[in-house]
Amino acid sequence: MSTDDNIFLAASTPLEEVAGWLSEALGLERVEDPELRDGAYLFRGRARTVDGDVYFLIEPNVYGEVDPAPEDVSAIDRYQGVVDIRYAGKKNEELQEREARAVFDDLADRRPDVAMVLSHNMSLMTAAYLPGVGVHAFPPGTSLDEPDEENWRPWIVT
C-alpha cells in the first residue's frame, strides 16, 4: 500500500524562503532533480525514528480552494505550501506516519509562528498546530473535509 504524509504550511513568507528555513531547521540537503515543477524543492535528510533517509518535496498547495462552496470546505484551504514526506526505505505505513509526526512536532517546536496541518493520504487529519493555540492531535479517521469541520475548525487557519 502506498502511503503519503503531508504537512500543509501557512507561513507569511514566499515558498522559496519556507524551503530555506525548513531545510535549515531540519538539517536537510537539497536534491537536484530536473523533473521538478517550477516552484518545487526536493530535500533529503536522516530519519528520526529509524535508520534511513527521508525525502521532502516542498511545493505550492494546489489541493485547497480559495473560495470553496460550504460543502467543499477543507482544513487545508488557507495553507499555501505543502511538504510531502516519504521514508526512503522499505514501505511501511506505520513507520511512514511515525516519521511524518516526528517532523511535524519538530517543526511546531522550531517554528511557532507557522500554522501547520499534518495529513495522511491527503484525506485524514492527524494533527494541527496553530500559533498561540498549540498542537492538537485528532482521533483516527478525522477527515480533512467538511463532514469533520466542526472538529478541526478551532485548530486551523481560517
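Residues numbered from 1 in each chain as written. Predicted model: local features only at pLDDT ≥ 70, side-chain atom pairs only at ≥ 80, totals over all residues. Heavy atoms only, no water.

**Student:** Got a sec to walk through the overall build of the protein? Specific residues and values, please.
**Tutor:** Looking only at helices and strands, one finds three helices and eight strands in the protein. Element order for the protein, N to C, with α for helix and β for strand: β-α-β-β-β-β-α-β-β-β-α. Here the C-alpha atoms of the protein give a radius of gyration of 15 Å, agreeing with the 15 Å that 2.2 N^0.38 yields for 158 residues. Principal-axis analysis of the C-alpha atoms gives the protein an extent of 40 × 30 × 30 Å. When burial is assessed residue by residue, the protein has 48% of its 158 residues classed as buried. Relative to all contacts within the protein whose residues are 6 or more apart in sequence, the contacts with residues 24 or more apart total 54%. Of the roughly 8200 Å² of accessible surface on the protein, a fraction of 48% belongs to carbon and sulfur atoms. Averaging the locations of the 14 positively and 32 negatively charged side chains of the protein gives two centres separated by 7 Å. (Helix = DSSP H or I, 4+ residues; strand = E, 2+ residues; numbered from the N terminus. Rg over C-alpha atoms; globule rule 2.2 N^0.38 Å. Buried < 20%, exposed > 50% of the residue type's maximum accessible area, 1.4 Å probe, protein only. Contact = heavy atoms within 4.5 Å. Areas by Shrake-Rupley, 256 points an atom, 1.4 Å probe, with all protein chains shown as cover. Lys, Arg positive; Asp, Glu negative; His and termini not counted. Charge placed at Lys NZ, Arg CZ, Asp CG, Glu CD.)

**Student:** Please set out the pairing of strand E1 (residues 5-10) residue by residue, giving values where relevant.
**Tutor:** Taking burial as the measure, the six residues of E1 include six buried ones, the bulk of the element. Side-chain alternation along E1 places Asp-5, Ile-7 and Leu-9 on one buried face and Asn-6, Phe-8 and Ala-10 on a second face that is also buried. By the bridge criterion, five bridges tie E1 to strand E5 (residues 81-87) in an arrangement that is antiparallel. Note on E5: the bridge partner recorded for Asn-6 is Asp-84. Here six bridges tie E1 to strand E6 (residues 115-120), and the two strands are oriented antiparallel to one another. In the sheet register, Phe-8 faces E6, and the bridge partner there is Val-117. (Pairing = 2+ DSSP bridges.)

**Student:** Can you tell me about the environment of Ala-47, naming the residues and giving the values?
**Tutor:** Residue placement: Ala-47 occurs in the loop between strand E3 (41-46) and strand E4 (53-60). Judged by its relative accessible area of 15%, Ala-47 falls in the buried class. Residues Ala-47 and Gln-96 lie 49 residues apart in sequence; the distance between their C-alpha atoms is 9.9 Å. Look past the residues within four positions of Ala-47 in its chain and what remains in contact with it is Gly-52, Asp-53, Val-54, Tyr-87 and Glu-99.

What is shown is where atoms sit, not what they do.
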